[in-house]
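# Fold and contact review
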Amino acid sequence: MRLRMRLKRKIRIVVVSATVVLFLSLWFIIRLRHCDECDEQLASVNFTETECITGTPCTYANQVALRVIVITSNRSRSLARLLESLDVVELDGDSGSLEIFVDCDERGLVDPETVKTAYAFHWRRGLVGVHLQTSHAGVNGQWIDAWRPATNDTREIVLILDDDGMGVSRYFYRWIKAVHGRYGDEPDFAGTALTIGRDRLPNSPGIEPVYMYRGVGTWGFSPKASVWRGFQDWFHAHSQRSNFRPHVPEAVAKASDNSADSGTTWEQWFDYYASKEKMFVVYSNLKDYNDNRSSCFGTKYRVSGLNVPNDDPVTYCKLIERWDDRYVSFPEYITRFDLDGNRIGKY
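Residues numbered from 1 in each chain as written. Predicted model: local features only at pLDDT ≥ 70, side-chain atom pairs only at ≥ 80, totals over all residues. Heavy atoms only, no water.

### As for the packing of aromatic side chains
- The tally for this structure, following the rule as stated, stands at 29 aromatic pairs.
- Taking the centre distance of 6.0 Å and the plane angle of 80 degrees together, the rings of Trp228 and Trp266 count as edge-to-face. With Trp228 in helix H7 (residues 225-238) and Trp266 in helix H8 (residues 266-277), this pair connects stretches of sequence that are 38 residues apart.
- Given the relative accessible area of 1%, Trp266 is considered buried.
- Ring geometry for Phe244 versus Trp269: centroids 5.8 Å apart, planes at 45 degrees, classification tilted. Of this pair, Phe244 sits in the loop between H7 and H8 while Trp269 sits in helix H8, and the two are 25 residues apart along the sequence. Each of the two residues, Phe244 as well as Trp269, counts as buried.
- These aromatic residues form a ring-pair network of at least three members: Trp143, Phe221, Trp228, Phe231, Trp234, Phe235, Phe244, Trp266, Trp269, Phe270, Tyr272 and Tyr273.
- Positioned over the ring face of Tyr60 is Arg67, at 4.1 Å from the centre of the ring.
- The side chain of Arg174 reaches across the aromatic face of Trp323, ending 5.2 Å from its centre. (Phe/Tyr/Trp six-rings, centres within 6.5 Å; stacked < 30°, edge-to-face > 60°. Helix = DSSP H or I, 4+ residues; strand = E, 2+ residues; numbered from the N terminus. Buried < 20%, exposed > 50% of the residue type's maximum accessible area, 1.4 Å probe, protein only. Lys NZ or Arg CZ within 6 Å of the ring centre and 35° of its normal.)

This is the structure we're talking about:
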């Protein structure tokens, strides 16, 4: 009788163990959607040493001069084009690191082609880290939690890009480094962005090479470290309050602010925070400064989606291909614009 009971107990242990192993194996296969090449790619990629956790702002183990963060989900071709433009960026001898965040869908599944594209990329300028979200982070989670500055005064510069048709000039780092160097100690400097849609700024800033605008630009954003830390803390505290919405009444330039979904996007949260803290984002004014209406450090291609049936080579502006030191000959006083596009003075 005892022998029979021991035998049954051993059989149960074996069955349970086999079930657990089978479940984990199936989960792993589904998680990568049969991404057979990922192991080989994983071994060949130069990875950074940080493991980021979905839902928690990511602090990196190493510090570099430039950290580029690319957020993506299921657009492998668009991701490949963005990575190609990043591969020729001029770092002028500085150190760099590239972090690629791949979001999963609400079922926890990642797109295999996007994963393979991320793993296959070898950046000539520095280390590469590929981070697969373990649960659906969404646009807000991808943007807000991808970089937690180690300290308020870190000298590391970050540029956050999404793969939604973005392309960057090889000289973007030279420009944003100069912007941080010139305006980084100003109390109302929130960061800099590569490009802004002209429809968000109805009044011309004139022929100055840069200007300040209250609203954040999503076409390549480089936040000031102390501001980003403060925004992250404020966002994670206030986003838990069901009765709070970051609506900015004067943001007439943003039609989405007046919609039923007002307050749902990370940029609306940041615009509210920047307005509350009286801070601005620095933009280049090269379209007017170069007098050719086509100069920029970051652009967007029309990629297939809801409103565009096929990829279109047409871009918002032409990327800077030749450097000119005048691009960083910043004025003594910089013009500032509020969210409604009106000038609010100089400092």
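What follows continues from the structure just given.
### Looking at the confidence of the model for the chain
- The pLDDT averaged across the chain works out to 80; a share of 73% of its residues lies at or above 70.
- Taking the mean pLDDT of every element in the chain, the minimum, 40, falls on helix H2 (residues 38-44) and the maximum, 98, on helix H6 (residues 172-183).
- Low confidence marks residues 305-312, where pLDDT is under 50. Its contacts with residues over four positions away, or in another chain, come to 11 contacts. (pLDDT = per-residue confidence, 0-100. Contact = heavy atoms within 4.5 Å.)

### Quick notes on the side chain of Asp162
- With respect to the helices and strands, the residue Asp162 is situated in strand E4 (residues 157-162).
- Although Asp162 lies buried, it forms no salt bridge, and the closest oppositely charged side chain, Lys300, sits 4.1 Å away as judged by the N-O distance.
- Not counting residues up to four positions away in its chain, the partners in contact with Asp162 are Ile71, Leu82, Trp143, Thr218 and Lys300. (Lys, Arg positive; Asp, Glu negative; His and termini not counted. Salt bridge = Lys/Arg side-chain N within 4 Å of Asp/Glu carboxyl O.)

### Points about empty space enclosed by the protein
- Counting across every chain of the model gives 2 cavities of 30 Å³ or more.
- Its boundaries defined by the atoms lining it, the second largest cavity holds a volume of some 50 Å³.
- Lining the second largest cavity we find Cys52, Ile53, Thr54, Gly55, Thr56, Phe101, Gln133, Gly141, Gln142, Asp145 and Ala146.
- Residue contributions to the lining of the second largest cavity peak at 3 residues, all from helix H5 (residues 138-145).
- When its residues are assigned to classes, the lining of the second largest cavity shows 4 nonpolar, 6 polar and 1 charged. (1 Å grid on protein atoms, 1.4 Å probe; cavity = no way out; pocket = protein on both sides within 12 Å on 5 of 7 lines; lining within 4 Å. Points joined across faces, edges and corners; volume = space filled by probe spheres on them. Nonpolar A, V, L, I, M, F, W, Y, C, P; charged D, E, K, R; others polar.)

### A few points about the pattern of salt bridges
- Following the criterion strictly, the structure yields 15 salt bridges and no others.
- In this structure, the salt-bridge partner of Asp87 is Arg124, at a minimum N-O distance of 3.3 Å. Within this pair, whereas Asp87 is found in the loop between helix H3 (76-86) and strand E2 (96-102), its partner Arg124 is found in the loop between helix H4 (112-120) and strand E3 (126-132), the two being separated by 37 residues in sequence.
- When its relative accessible area of 57% is taken as the criterion, Arg124 is described as exposed.
- Where Lys177 meets Asp94, a salt bridge forms, and the shortest distance between an N and an O atom there is 2.8 Å. Here Lys177 is found in helix H6, whereas its partner Asp94 is found in the loop between H3 and E2, with 83 residues between them in sequence.
- Each of Arg67, Glu99 and Glu156 takes part in a single network of salt bridges with overlapping partners.

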